[in-house]
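Close look at the chain arrangement
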Amino acid sequence: MSEKVSQDFAAPFVFKQAQESAPSSLRYHLRRVTITKEFTFDAAHHLYAYQGKCANLHGHTYRLIVSVSDVLDEIGLAIDFGDVKTLVKTHVVDRLDHTYLNEVLPPMNTTAENMIVWMFEEIEQALHAFRDTARVERLTLYETPTSSVEITRQEMGL
Ligand SMILES: Nc1nc2c(c(=O)[nH]1)N=C([C@H](O)[C@H](O)COP(=O)(O)OP(=O)(O)OP(=O)(O)O)CN2
Ligand SMILES: [Zn+2]
């Protein structure tokens, strides 16, 4: 066996030993860390009971920024970016992309504020079903490059 291969085999054991002998403040396993993933989607909508141009049918390229926390596993990973991507796309982004939001979302005025509350509930439910230690910490939704809303776990009352 070459030296490189034997080092690769040894790495997890060396890592585990180093973690176990480290002071508790440096033991990364089980520490909670927040990771962030970004998405974009295009959709049309109009606002009800609104005086101004947004009462007319128009479209946006929305940008959604999702921050999720979980406890670190044995290899120092909170939750895989790829798993967050799949969950958010399946439960939110792909349901809204290239749609008319007023018809696709549950009955609501399609303000960015109402949308982000709905998104938080959808992502939190899907994430919790995926892994019960995972939590949505914060969402930010850009409706235009200069206009955004955000909501935290605390603001959701969780
Ligand atoms: N608090 C909110 N205000 C507005 C919302 C909203 O969801 N929450 N939505 C709209 C319109 O749908 C639309 O997003 C227009 O937003 P606005 O930032 O005014 O868009 P502009 O393109 O005019 O922005 P500029 O970058 O200033 O040109 C309206 N308000
Ligand atoms: Zn709009």
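All residue numbers refer to positions counted from 1 along the written sequence of the respective chain. To label them, take the chains in the order written and letter them from A, then take the ligands in the order written and number them from 1. In keeping with the model being predicted, local features are shown solely for residues with a pLDDT of at least 70 and side-chain atom pairs are shown and tallied solely at 80 or more, while totals for entire chains, interfaces and linings include all residues.

**A word on the site of ligand 1**
Using the following cut-off: Working rule for contacts: place C-beta from the backbone, and if it is within 6 Å of a molecule or strand, that residue counts as near it. The classification used treats Ala, Val, Leu, Ile, Met, Phe, Trp, Tyr, Cys and Pro as nonpolar, Asp, Glu, Lys and Arg as charged, and all other residues, Gly among them, as polar.
What surrounds ligand 1 is the set L47, C54, T111, A112, E113, E143, T144, T146 and S147. Tallied by class, the residues present in the shell around ligand 1 amount to three nonpolar, four polar and two charged.

**Some thoughts on the pairing of strand 5 (residues 147-152)**
Filter applied, for reference: Two strands form a pair only when DSSP identifies at least two bridges running between them. Under the DSSP-based scheme used, a helix requires at least four consecutive residues in state H or I and a strand at least two consecutive residues in state E, with every element numbered from the N terminus.
Pairing between strand 4 (residues 135-144) and strand 5: six bridges, direction antiparallel. Paired with L139 across the strands is I151, a residue of strand 5. With antiparallel pairing between neighbouring strands as the criterion, strand 4 and strand 5 make up a hairpin whose turn holds two residues.

**Section: unusual backbone geometry**
The condition that has to hold: Put plainly, a residue is buried at 20 or more neighbouring C-beta atoms within 10 Å of its own, exposed at 12 or fewer, and partly exposed in between, counting only other residues' C-beta atoms, which are placed from the backbone.
In this structure, A49 takes a positive phi of about 55 degrees despite not being glycine. Turning to its location among the elements, A49 is positioned in the loop between strand 1 (32-45) and strand 2 (58-71). When the 6 C-beta atoms within 10 Å are taken as the criterion, A49 is described as exposed. The backbone of H98 sits at a positive phi, close to 55 degrees, despite the residue not being glycine. Relative to the helices and strands, H98 resides in the loop between helix 2 (81-96) and strand 3 (99-100). Using a count of 10 C-beta atoms within 10 Å as the deciding quantity, one classes H98 as exposed.

**Regarding the environment of P145**
In this structure, P145 sits in the loop between strand 4 and strand 5. Given 9 C-beta atoms within a 10 Å radius, P145 is considered exposed. Counting along the chain gives 88 residues from P145 to L57, while the straight-line C-alpha distance between them is 19 Å.

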